[in-house]
Every structure is written in C-alpha cells, then in structure tokens.
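# Observations on chain architecture
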Amino acid sequence: LQAMQRGVRIDKEERKWMDKKMETELAKRKDYFKFVLGHDLNVNSAPQMQKLFYTDFGLKPIMSRAKKGEAPHVTCNDEALGTIALKNPLLRPLIRAIQEYRTIRVFLSTFIRMPLDIDDRMRTSYNICGTETYRLASSENAFESGGNLQNVPKGGEDDESDLVLPNMRTIFVPDPGFTFFDTDLSKADLRVVIWESDEGEMKAMLNEGRDPYIETAREFYNDPTITKRLPNGQDNPKYKIFKSFAHGTHYLGTAVGLSQRLGLTVHQAERTQKWYFGKYPKIKEWQLRFCEEVKRTRKVRNAFGYQRIYFDRISESTCREAIAWLPQSTVACVINRV
C-alpha cells in the first residue's frame, strides 16, 4: 500500500525522447510497406492482412489455435506470420517489418505512453492475490493511470534486424536521497525442478557454484567458451536460446511449440529434447510421475504444503499448467517468507 501511494518519479524528457524515436521507427516501416507493396498497409487490420497474404499472395490460409469459447479462425497473428516466413523466404523481410511495427506499437502504448498521475508520478495497483502462484500482480490503478510495473522491458538490439528498442527502465529515477537496487534469487525455478526430480548432476553443479544452463549449453554446442554474456555486455544468443529451450522443456513444452517460439526447426527441437533428456533422464522420469499423479488425484502440492485442485477435464494443457505452478508457487512462498 505504501509503495502504491508513493509512486515513482519519472524522467519526462527521457520518455519524450523515446516516444519521438519510436514514432520515427514506425514511419520508416510505413514507408517500407508503401515502397514494397505499392500501397499503404494497416498491419493492425485483420481484413487487410488476410487479403494481402491469402488473396494477393495466394498463400494457404492459416487457422488460429482453438481457445476456450473461441473457435479456430483465419489469422495473421505473429505465430501465423512466423509459419509463413519459414515456408516463404522471399516474404521474410516484409514479415519482419510487420512484426517490428506491431512490437513498436505495443511498446509505445503499453510502456512509453503509460499514463502518469496528476503529480507526474507513475503508480501501480498491487494485487496480493492476483495470481495462482502467490506472487504479486500489478496493473493500472483505480484512476486509470500507471500499469504493470513488474514487467518493464530493458529493450536492446534485435539480432535479426536494425530495430533497437529503448531501455524503459531508464525513465524511472529515484527520489533525491534514495537509491534503486535490484536483487533476485539465483536459478530459483530451476532449483525447484532439480530437487523435485532429484537430478544429481545438476545438483552438483549448483553446489559447486556453476550455472547448469551454461555447462549444458557448452556440452551441447561443444563450445567451452559459452558464457551468459558476450564481451560487449549483450546477452549471448546461444545461452539465451538454450536456457529458454530448457525452461520450456521442463514445463512440458513440445518440440513444435518450442520451435515456433524460439525460431528453431521442429527437427532441431526434437533432436535437442532427445539429447537433453538423455543427459538428464531423471527430469523426464519426474515429468511422467508428475502427470500421472495429477491425472489420478487432480491435485498438485508444493514443498510448503500448498496445493491446487483442478476441476476441469485433465488434459496435456492441465499438466503443463500444473507443472509450471509447482516451482513458481514454491519460489513465491520462499520470497514471501523472506
């Protein structure tokens, strides 16, 4: 409550500069669309996007995934565009520009133009029971200003384009006499997965102060020089992709799903998962035991004794949700006690 009421001081000049820079980037991509297509393109218009790809280009329409209460329909969402780009290399530059345009629009509306209060401070509304994993959730406050301040992007370069998103965290500045600091638990979710599965090799790595993701990536790529960051301070793409892959695999991510999310081929994802489970078989054994337990009892329980009960039909999606809840809720319980 005190944090909600106090709010955060904002560097308005920095925010104004970011806004101008992103508007310039949007204009560049609008000009590119007109140059390539010979006409303007509203990338947020579903009819225009579907006409372009499925009528003008004559591609086979892609259907959206079925959701609760929503039937599959023809779509040009990011997942569909990613599929089109894989099958049609000539369209990749155009698709990349469309995805960048959408990213910039979201960046502007969600973060850069997040409304301030009348005293020019940014505030959020914390909900102490806003998530199923016992973590705090934050959103715009009762006066429709602010937003989710737990998810402020650091920006940075994109490996596949010249788009550089600004670091939104730089607009938040401490009040005079105060300092910002950042602390985090080391490999928290991974530690829970390792101890739940009793994966001895990874336990030994952590006890010796080594990073299991780095050690495993070095072995997989046969590259002993892999580190978390490159010499220039940027995230190492090999480490980043492998960590995301391992994290998704722990939570029952499929080769198809992971390939789409990480820009891999399905064959690459299948091969990597097979290698990963071959190296850490106890993780796979734990997953099988876990899913059987959920199907049998409809419950999942963490190390603190908290449990969640599933009343719907138990499906693969339910098991993915449950297995992610286990480490996330355990870590939240640790943090709340700290």
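Above this text you will find the structure in question.
Definitions and cut-offs
- Residues numbered from 1 in each chain as written.
- Predicted model: local features only at pLDDT ≥ 70, side-chain atom pairs only at ≥ 80, totals over all residues.
- Heavy atoms only, no water.
- Pairing = 2+ DSSP bridges.
- Helix = DSSP H or I, 4+ residues; strand = E, 2+ residues; numbered from the N terminus.
- Contact = heavy atoms within 4.5 Å.
- Salt bridge = Lys/Arg side-chain N within 4 Å of Asp/Glu carboxyl O.
- Buried < 20%, exposed > 50% of the residue type's maximum accessible area, 1.4 Å probe, protein only.
- Axes fitted to C-alpha atoms, helices over the stretch in contact; angles between N-to-C directions.
- Parallel < 35°, antiparallel > 145°, perpendicular 65-115°, else oblique.
- Nonpolar A, V, L, I, M, F, W, Y, C, P; charged D, E, K, R; others polar.
- Phe/Tyr/Trp six-rings, centres within 6.5 Å; stacked < 30°, edge-to-face > 60°.
- Lys NZ or Arg CZ within 6 Å of the ring centre and 35° of its normal.
- Arc of directions from axis to C-beta.
- Core = buried A, V, L, I, M, F, W, Y, C linked by side-chain atoms within 4.5 Å.
- Disulfide = S-S within 2.5 Å.

This paragraph deals with the sheet that holds strand β2 (residues 121-122). Pairing in this open sheet of three strands is antiparallel, and the strands run β2-β1-β7 from one edge to the other. One side of each edge strand has no neighbouring strand; the edge strands of this open sheet are β2 and β7 (172-173). Across two bridges, strand β1 (residues 8-10) lies against β7 in antiparallel orientation. From the neighbouring strand, R9 faces β7, where its bridge partner is V173.

It is worth spelling out the environment of P61 at this point. Mapped onto the elements of the fold, P61 is located in the loop between α3 (46-56) and α4 (78-87). Taking the C-alpha atoms as reference points, P61 and K299, separated by 238 residues in sequence, lie 40 Å from one another. Apart from the residues within four sequence positions on either side, P61 is in contact with Y54 and V74.

Throughout the structure, instances matching the rule amount to 28 salt bridges. The salt bridge involving D198 is made with K203; its shortest N-O contact spans 2.8 Å. The class of D198 is partly exposed, set by a relative accessible area of 37%. Of the charged contacts, one joins E215 and R218 as a salt bridge, the two residues approaching to 3.9 Å between their closest N and O atoms. On the criterion of helical spacing, the pair formed by E215 and R218 is a turn pair, its members being three residues apart in helix α8 (residues 212-221). Through salt bridges with shared partners, a single network forms among E25, K28, R29, R96 and E100.

For the rest of this paragraph, the subject is the packing of α8 against helix α9 (residues 237-250). Interaxial distance between α8 and α9 falls to 10 Å at its minimum, and their mutual angle equals 105°. Comparing their axes, α9 and α8 come out roughly perpendicular. Residues Y213, I214, T216, A217, F220 and Y221 of α8 lie in contact with α9, whose contacting residues are K238, Y239, F242, K243, A246, H247 and H250. Across the contact of α8 with α9, the residue classes break down as eight nonpolar, three polar and two charged.

The next subject is the packing of aromatic side chains. Tallied over the full model, the rule gives 14 aromatic pairs. Seen from their ring centres, Y134 and W325 are 6.1 Å apart, and the 75° between their planes marks the pair as edge-to-face. Here Y134, found in the loop between β3 (125-127) and β4 (137-139), pairs with W325, found in helix α13 (residues 316-337); they are 191 residues apart in sequence, far enough to count as distant. For Y134, a relative accessible area of 28% puts it in the partly exposed group. Judged by centre distance (6.2 Å) and plane angle (65°), the ring pair of Y221 and F242 falls under edge-to-face. Of this pair, Y221 sits in helix α8 while F242 sits in helix α9, placing them 21 residues apart in sequence. Members of the aromatic cluster, joined through ring pairs, are F220, Y221, F242, W275, Y276, F277 and Y280. The side chain of R6 reaches across the aromatic face of F178, ending 4.7 Å from its centre.

Turning to helix α10 (residues 255-262), a few remarks are in order. The set of residues buried in α10 consists of A255, L258, S259 and L262. Summarising the axial view, the buried residues of α10 lie within an arc of 100°, below the 170-degree limit, and thus occupy one face. On its buried face, α10 is in contact with α9 and α11 (266-279). Taken from the residues just after α10, G263 is the one with a positive phi, measuring 75°.

Our next topic: the nonpolar core. One finds F53, I84 and I98 to be the most contacted residues of the largest nonpolar core, which totals 40 residues. At the level of secondary structure, the elements contributing two or more residues to this core comprise α2 (12-37), α3, α4 and α5 (92-112). Ranked by residues supplied to this core, first place goes to α5 with 10 residues. Excluding its chain neighbours within four sequence positions, the residues that come into contact with F53 are G58, L59, C76, L81, I84, L91, I95 and I98.

Here we come to the state of the cysteines. Scanning the entire structure with this criterion turns up zero disulfides. A disulfide-free cysteine, C319 has its sulfur positioned 3.9 Å from the sulfur of C291, the nearest such atom. C319 sits in the buried class, given a relative accessible area of 3%.

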